[in-house]
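Chain residues, written in single-letter form:
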Amino acid sequence: MPSGSLVGNIAQDLGLDIKRLKAGKSRVFTGDQAEYIALDMSRGVLLIKERIDRESLCGQTMPCALHFQIILQNPMELYSVTVEIMDINDNPPTFVKKDMKFEISEYAAVGARFMLDVAMDQDVGINGVQSYSLNPTDNFQLNLKRQPEGAKMVEMVLQKPLDREKQKDMLLVLTANDGGEPQMSGTLQIHVTVLDANDNAPVFTQQVYRVSTTENSPKGTRLTIVSATDADDGSNSIVTYALSGSTAGIFDLFDINSHSGLIILTGDLDYERARNHEFYVEGKDEGGLSDSCKIIVDVVDVNDNSPIISIISKSSTIAEDAPSNTVIAMISVNDPDSESNGQVSCSINENIPFAIKSTSNRFYSIVSDSDLDRETNAEYNITVTCSDEGVPSLSSRADLSLKITDVNDNAPVFEKSSYEASVLENNTPGLSIFTVKARDADWNQNARVSYILVESSDNGVTMSSYVSVNAESGVIHAVRSFDYEQIKSFTFHVKAQDGGSPPLSSNVSVKITIQDQNDNAPQVLYPVQTSGSLVAEIVPRSADVGYLVTKVVAVDVDSGQNAWLSYKLQKATDRALFEVGAQNGEIRTIRQVTDKDAVKQKLTVIVEDNGQPPRSATVNVNVALADSFPEVLSEFSDFTHDKEYNDNLTFYLVLALAVVSFLFIVSIIAILSVKCYRWRRERMFYKSNGHLPVIPYYPPLYADVGGTGTLQHMHNYEVYRTTDSRKSCLKYGRPGSESIVSLDNTGTLQPVHREKLITEDFDDEQKPPNPDWRFNQNQRPGPSGAAATPDMAVGTGPWPQPPTEAEQLQALMAAANEKREGNHMQIFLGKVSEATNTLTPGTMGLSTRYSPQFTLQHVPDYRQNVYIPGSTATLTSNPQQQQQQQQMQQQMQMGPQQMGPQQALPPPQAAAAGPGAGPGADPGAMGQPEAPKAAQTPASKKKSTKKEKK
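Here the structure is a predicted model, which means the values were calculated and not measured.

Some details on the overall build of the protein chain
For the protein chain, the count of helices and strands is 10 helices and 52 strands. Residue burial in the protein chain is summarised as follows: out of 950 residues, 42% are buried. Pairs at least 24 residues apart make up 70% of the contacts formed inside the protein chain by residues separated by at least 6 positions. As displayed, the protein chain offers around 51,400 Å² of accessible surface, 51% of which is attributable to carbon and sulfur atoms.

Let's talk about the pattern of salt bridges
Inspection of every chain in the model, using the stated rule, returns 16 salt bridges. Ionic pairing is found between arginine 210 and aspartate 298, a salt bridge with its closest N-O pair at 2.9 Å. With arginine 210 in strand 15 (residues 208–214) and aspartate 298 in strand 22 (residues 290–300), this residue pair connects regions lying 88 residues apart in the sequence. The exposure class of arginine 210 is exposed, given its relative accessible area of 58%. Residue lysine 568 is joined to glutamate 608 by a salt bridge in which the shortest nitrogen-to-oxygen separation is 4.0 Å. Here lysine 568 is found in strand 46 (residues 565–572), whereas its partner glutamate 608 is found in strand 49 (residues 600–609), with 40 residues between them in sequence. The partly exposed category is assigned to glutamate 608, whose relative accessible area is 25%. Each of the salt bridges in this network shares a partner with another, and the network as a whole consists of Arg54, Glu55 and Asp87.

Notes on a nonpolar patch on the surface
A cluster of nonpolar side chains, contributed by Phe651, Tyr652, Leu655, Val659, Phe662, Leu663 and Val666, occupies part of the molecular surface with about 720 Å² of accessible area. Here leucine 663 shows up in helix 6 (residues 647–686).

A short note on the sheet that holds strand 29 (residues 379–388)
In sheet architecture, strand pairing relies on hydrogen bonds along the backbone and comes in two forms, parallel and antiparallel. Pairing in this open sheet of 4 strands is mixed, and the strands run 24-30-29-26 from one edge to the other. Here the strands that pair on one side only, and so sit at the sheet edges, are strand 24 (317–319) and strand 26 (344–348). With direction set aside, neighbouring strand axes in the sheet form an average angle of 30 degrees. Bridge count for strand 26 against strand 29 is 5 bridges, and the pairing is antiparallel. Along strand 29, the bridge assignment pairs serine 347 with threonine 385.

Some details on the environment of serine 473
In this fold, serine 473 is placed in the loop between strand 38 (467–469) and strand 39 (475–478). As a C-alpha pair, serine 473 and lysine 437 span 36 residues in sequence and 7.9 Å in three-dimensional space.

A closer look at the pairing of strand 6 (residues 77–85)
Summarising the sheet, strand 5 (residues 64–72) and strand 6 pair through 9 bridges and their orientation is antiparallel. Bridging across to strand 6, histidine 67 finds its partner in threonine 82. Counting the residues in the hairpin turn of strand 5 and strand 6 gives 4 residues, including asparagine 74, whose phi is positive at 55 degrees.

Considerations on the nonpolar core
Side chains of a nonpolar character, in soluble globular proteins, are inclined to be buried together. In this structure, Ile476, Phe490, Phe492, Val510 and Ile512 are the most contacted members of the largest nonpolar core, which totals 28 residues. Listed by contribution, the elements that provide at least two residues to this core are strand 32 (418–424), strand 33 (432–435), strand 35 (449–454), strand 38, strand 39, strand 40 (489–498) and strand 41 (505–515). Beyond its immediate chain neighbours, meaning those up to four positions away, valine 510 contacts Tyr419, Phe434, Val436, Ile476, Phe490, Thr491, Phe492 and Val494.

Here we look at the state of the cysteines
Here the structure, examined in full by the defined rule, presents 2 disulfides. Bridging cysteine 58 to cysteine 64, the disulfide has an S-S length of 1.8 Å. Note on the cysteine 58 and cysteine 64 pair: the S-S dihedral is about 65 degrees, so by sign convention the disulfide is right-handed. As far as the burial class goes, cysteine 58 and cysteine 64 line up, both buried. Cysteine 346 shares a disulfide with cysteine 386; S-S distance 2.1 Å. In this structure the cystine formed by cysteine 346 and cysteine 386 twists about its S-S bond by roughly 110 degrees; its chirality is therefore right-handed. Of this pair, cysteine 346 sits in strand 26 while cysteine 386 sits in strand 29, placing them 40 residues apart in sequence. For cysteine 386, a relative accessible area of 0% gives the class buried. Numbered by position along the chain, the disulfide-linked cysteines of the protein chain connect as 1-2, 3-4.

A few points about the packing of aromatic side chains
Inspection of the entire model under this criterion finds 13 aromatic pairs. Ring geometry for phenylalanine 490 and phenylalanine 492: centres 6.0 Å apart, planes at 25 degrees, overall stacked. Judged by its relative accessible area of 2%, phenylalanine 490 is buried. With a relative accessible area of 0%, phenylalanine 492 lands in the buried category. Here the aromatic cluster, defined as three or more aromatic residues joined through ring pairs, consists of Phe414, Tyr419, Phe434 and Tyr451. Geometry around tyrosine 484 places lysine 488 over its ring, the cationic atom sitting 4.7 Å from the centre.

Re the environment of valine 173
The residue valine 173 is located in strand 12 (residues 169–178) in this model. Owing to a relative accessible area of 29%, valine 173 belongs among the partly exposed residues under this scheme. Along the backbone, valine 173 and histidine 191 are 18 residues apart, and their C-alpha atoms lie at a distance of 8.8 Å. If sequence neighbours within four positions are ignored, valine 173 has contacts with Ser133, Leu134, Asn135, Thr187 and Leu188.

A short note on the confidence of the model for the protein chain
The predicted coordinates of low-pLDDT regions are not to be read in fine detail. Taken residue by residue, the protein chain gives an average pLDDT of 74. The fraction at 70 or more is 69%. Low pLDDT, under 50, characterises residues 895–950; the predicted model gives this stretch 204 contacts beyond four residues in sequence or across chains.

Analysis parameters
- Residues numbered from 1 in each chain as written.
- Predicted model: local features only at pLDDT ≥ 70, side-chain atom pairs only at ≥ 80, totals over all residues.
- Heavy atoms only, no water.
- Helix = DSSP H or I, 4+ residues; strand = E, 2+ residues; numbered from the N terminus.
- Buried < 20%, exposed > 50% of the residue type's maximum accessible area, 1.4 Å probe, protein only.
- Contact = heavy atoms within 4.5 Å.
- Areas by Shrake-Rupley, 256 points an atom, 1.4 Å probe, with all protein chains shown as cover.
- Salt bridge = Lys/Arg side-chain N within 4 Å of Asp/Glu carboxyl O.
- Patch = residues over 30% accessible without salt bridge, like charges linked within 9 Å, V, L, I, M, F, W, Y side chains within 5 Å.
- Pairing = 2+ DSSP bridges.
- Axes fitted to C-alpha atoms, helices over the stretch in contact; angles between N-to-C directions.
- Core = buried A, V, L, I, M, F, W, Y, C linked by side-chain atoms within 4.5 Å.
- Disulfide = S-S within 2.5 Å.
- Phe/Tyr/Trp six-rings, centres within 6.5 Å; stacked < 30°, edge-to-face > 60°.
- Lys NZ or Arg CZ within 6 Å of the ring centre and 35° of its normal.
- pLDDT = per-residue confidence, 0-100.

In structure tokens form, the structure reads like this:
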């Protein structure tokens with residue numbers, strides 16, 4: 001069974017309560033044997049402590065049982081327990097030899113018997129060897145003989161004559177099976193060699209030989225001689241003897257002479273291990289025929305084992321007031337010998353107040369039989385002697401040590417009736433001052449002394465604020481640092497209390513005296529040192545030698561020699577003029593004052609005490625050598641004192657630096673925030689990649705009606721702009737008589753849409769002017785034939801004047817007439833008034849939008865194929881545009897008188913400018929009427945080979 005398996009409910013079987021098992025500290029006692037069974041007090045059951053091997057424990061003995069005792073205390077009780085060990089089939093049958101060899105004559109008669117080794121199985125009962133089988137069975141069959149004592153003898157019987165000429169050698173297998181579950185088996189190989197001519201087998205004179213010998217007999221002891229005869233003659237009649245390995249360990253204990261049959265002892269016999277030994281001897285002739293006999297060796301016991309004393313339970317202490325018959329120990333005595341050699345009697349030493357009593361077979365109790373007194377004898381050594389009844393008798397001893405516990409009947413006693421100690425002032429808190437000691441005549445806990453500070457007060461101050469007492473050692477510690485100037489001594493009481501029940505105590509008086517230290521420097525009382533005013537002693541220049549200037553007065557709060565003061569002159573403006581009395585501190589002149597002596601004299605006097613180490617103080621004395629007070633004032637008016645640094649100034653500087661740094665950081669954050677906000681808006685516009693909704697912008701129609709407008713003919717301009725490349729294209733469109741955009745079924749644009757488009761156009765960002773839009777003086781358009789002047793540089797002249805109000809009104813009326821007639825509208829770039837404000841010298845503003853049919857891959861360069869009606873300017877240097885420019889100039893020259901003031905187109909960079917255009921706008925133009933913006937025209941379909949960088 002595995003460890004921890006349940007054996008039985010011992011509490012139920014014994015009728016004990018589980019609480020009793022716990023209170024009695026129940027345990028298992030096995031003596032000198034191994035402890036296989038454990039007791040679980042919480043459940044009252046027996047458990048397997050370690051694996052039990054029945055074969056190693058009992059061998060072939062049946063039944064097999066474990067004997068142990070259950071011990072309880074308070075009061076002591078003993079119960080004997082026997083646990084029977086049941087065998088399981090855990091060992092297979094085994095043969096001592098792995099194979100056997102037989103030489104059998106071919107003339108061997110049918111029915112000849114050949115003895116085989118018996119299989120050994122350590123298990124017993126049904127788990128032991130139950131059957132044998134032989135294979136093959138052509139010539140032999142198996143025969144089992146059961147002996148009177150229950151043992152089996154296995155024989156191989158010849159059932160068919162052998163023929164050496166047919167088969168010389170044969171191999172047989174003997175199988176031994178046990179009856180366990182599961183069944184186990186062992187095998188033995190038998191080699192048979194067929195010989196000729198031996199037809200008589202040896203025959204022993206006795207079938208059973210029985211011999212007795214004492215245990216511990218020496219090796220080589222002759223036990224017996226076996227004999228067998230053979231009726232054959234010659235070599236076939238010679239018989240040899242050998243032991244049959246039928247029992248384990250036989251070859252270690254016995255040996256036989258193969259020729260004489262003498263059996264001798266080769267090992268150690270022990271009666272306690274085995275009381276007899278059985279084995280077989282085989283007699284075999286040279287023809288291979290054999291016979292066997294049984295040998296029984298009885299072991300006779302001798303008194304060779306001393307009694308074994310085992311202490312089951314014992315108490316190491318007993319109270320001196322314990323009653324009689326108190327059990328202090330329980331012992332078990334065991335003698336492995338038999339009969340009288342195993343009978344044991346025990347006793348203890350005399351003249352002690354204890355006795356030994358036998359409670360049951362092999363168990364004894366030691367009890368007290370008189371009163372105990374610890375003060376008389378505090379400890380007893382009890383010797384238990386146990387002897388058997390053998391001859392000679394053997395005995396064993398066991399020693400027990402028993403201490404008598406004390407009753408608390410003695411109070412602690414201090415070594416002195418009172419204690420006095422001293423400590424220097426300024427001590428470290430926690431300093432150990434000295435130790436009080438008290439002793440208790442009792443023992444153990446009753447003699448354990450604890451020290452307690454008796455609470456009291458001195459001038460309203462509790463003693464616990466001065467000192468503390470270590471409860472274990474009695475060391476008195478200073479709780480705080482003492483000051484001699486405040487307290488000179490104090491007295492308190494310490495109580496010593498033992499640990500008995502009830503406790504006993506005693507008190508002692510302790511006086512602590514504080515010793516002075518030189519811990520205070522001298523204090524100067526005069527002259528008084530002030531920082532706000534200057535004090536000076538006036539000495540007339542007529543003063544004689546020894547003139548008393550002043551006296552330095554100082555005190556020291558220390559006592560004794562620590563308060564003895566001496567005065568020395570440390571520094572002086574003129575050391576040859578003054579001296580200081582070493583004991584009284586008087587400052588006197590040591591020579592006559594002369595006119596050469598300075599008026600201002602500064603003396604530094606050091607005052608030093610006589611302590612170890614000495615402490616000192618210094619005082620500055622200002623002396624004025626003058627005969628009148630005004631002279632003193634004039635000399636000391638410029639007397640300077642040391643100035644302290646202004647901490648407030650540093651604070652204000654640091655505060656100002658922090659404020660400036662904070663404002664700088666806030667400004668940086670604000671600028672970065674604005675930059676990030678603009679960058680995100682641009683990124684959102686760029687990342688749209690042309691997928692934002694495209695709203696075409698068609699400015700109001702600007703047309704020349706009746707030849708009175710600003711343009712001779714009606715022209716259309718279309719501007720394309722992309723979100724990615726930032727490039728625009730300005731296209732020159734068809735004449736105004738052709739339809740460009742059909743707004744709706746009625747030919748009109750809804751006012752709401754028109755206002756929305758115009759508003760969105762003017763929200764675009766204005767770009768800086770492009771130098772390509774500069775014109776020389778001869779190319780600039782102007783009102784009423786504006787021309788260049790000699791004093792104006794080419795390309796720097798003013799822009800033409802905006803159209804008059806009459807011209808603006810005429811253009812608007814013409815646009816309204818065309819709307820009413822249902823004609824297709826022509827698109828203007830902006831309001832007339834707003835276009836006027838966007839014009840700046842050298843640049844022209846232009847609002848742009850995508851055309852509904854516009855795609856990114858068809859974006860033309862704004863610098864290619866762009867023409868300005870009413871002017872001779874071209875916006876490209878491409879050679880392919882030269883011819884177009886010349887044709888445009890010819891058309892302009894054909895009717896100069898019919899053309900009014902013309903308006904040039906602004907560059908695309910200024911397309912998104914508001915009503916108040918950039919910094920280059922003419923201030924005078926702000927108050928003038930707004931001129932209409934130039935109309936959009938389709939750009940040329942040719943694409944520029946040059947692309948402007950983003």
